Amino acid sequence: MTPRVLDVHLRGYELRREEIDRQQYYLGCYFYKAVDTVLGNMMRPKGKPAENYLDRPFMQPQDTEEEKLEKEIQQAIRNEQLWIADAHMKGLPETIINI
C-alpha cells in the first residue's frame, strides 16, 4: 500500500474509533439514567410521583414547533380519511360542508 492509501485507512480507523467512543459515552448515559430512575423510584417518599425513564433517545433531534404542527396536521388528515372510509363502508352518503 502506498502512503496515500494508508493515510485514508488511518483516517477511517480514527473516525470509527471516535464513533465507538461516542456510542460508549451514550451507553453510559443511558445506564446512569436507568439506575437513577430505579433508585429514585425505590427510595421515593409516599405520595411523590414515580420518575420515568427517558421519553426519547439522547441523539434523537428535537422537533421544532413547525414540525410538530405538520405532524398534527398529517394525523388529522389521516383521521379524516379513516372517518370517510368508515362512512363509505357503512353506506352513508358523502356530505359537503360549505363555509
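For the structure itself, consult the block above.
One structure accompanies this document, and this report is about it. Note that the structure is a prediction, hence the values are computed from the model and not measured.

1. Comments concerning the pattern of salt bridges
So, step 1. Across all of its chains, the model carries four salt bridges by this definition.
So, step 2. As a salt-bridge pair, R22 and E19 come within 2.6 Å of each other at their nearest N and O atoms. Taken together, the positions of R22 and E19, both in helix α1 (residues 3–42) and three residues apart, correspond to about one turn of that helix.
So, step 3. Relative accessible area serves as the criterion here: at 34%, E19 is assigned to the partly exposed category.

2. Some words on helix α2 (residues 65–90)
So, step 1. An ideal rise of 1.5 Å per residue puts 38 Å on 26 residues; α2 measures up with 37 Å between its terminal C-alpha atoms.
So, step 2. Just downstream of α2 lies G91, where phi reads positive at about 85°.

3. Focus on the packing of aromatic side chains
Note on aromatic pairs: each is described by the distance of the centres and the angle between the planes.
So, step 1. Evaluated as defined, the whole model comprises one aromatic pair.
So, step 2. When the ring of Y25 is compared with that of Y26, the centres are 5.2 Å apart and the planes differ by 75°; the resulting orientation is edge-to-face.
So, step 3. With relative accessibility at 53%, the residue Y25 sits in the exposed group.

Rules of the game
- Residues numbered from 1 in each chain as written.
- Predicted model: local features only at pLDDT ≥ 70, side-chain atom pairs only at ≥ 80, totals over all residues.
- Heavy atoms only, no water.
- Salt bridge = Lys/Arg side-chain N within 4 Å of Asp/Glu carboxyl O.
- Helix = DSSP H or I, 4+ residues; strand = E, 2+ residues; numbered from the N terminus.
- Buried < 20%, exposed > 50% of the residue type's maximum accessible area, 1.4 Å probe, protein only.
- Expected span 1.5 Å × (residues − 1).
- Phe/Tyr/Trp six-rings, centres within 6.5 Å; stacked < 30°, edge-to-face > 60°.

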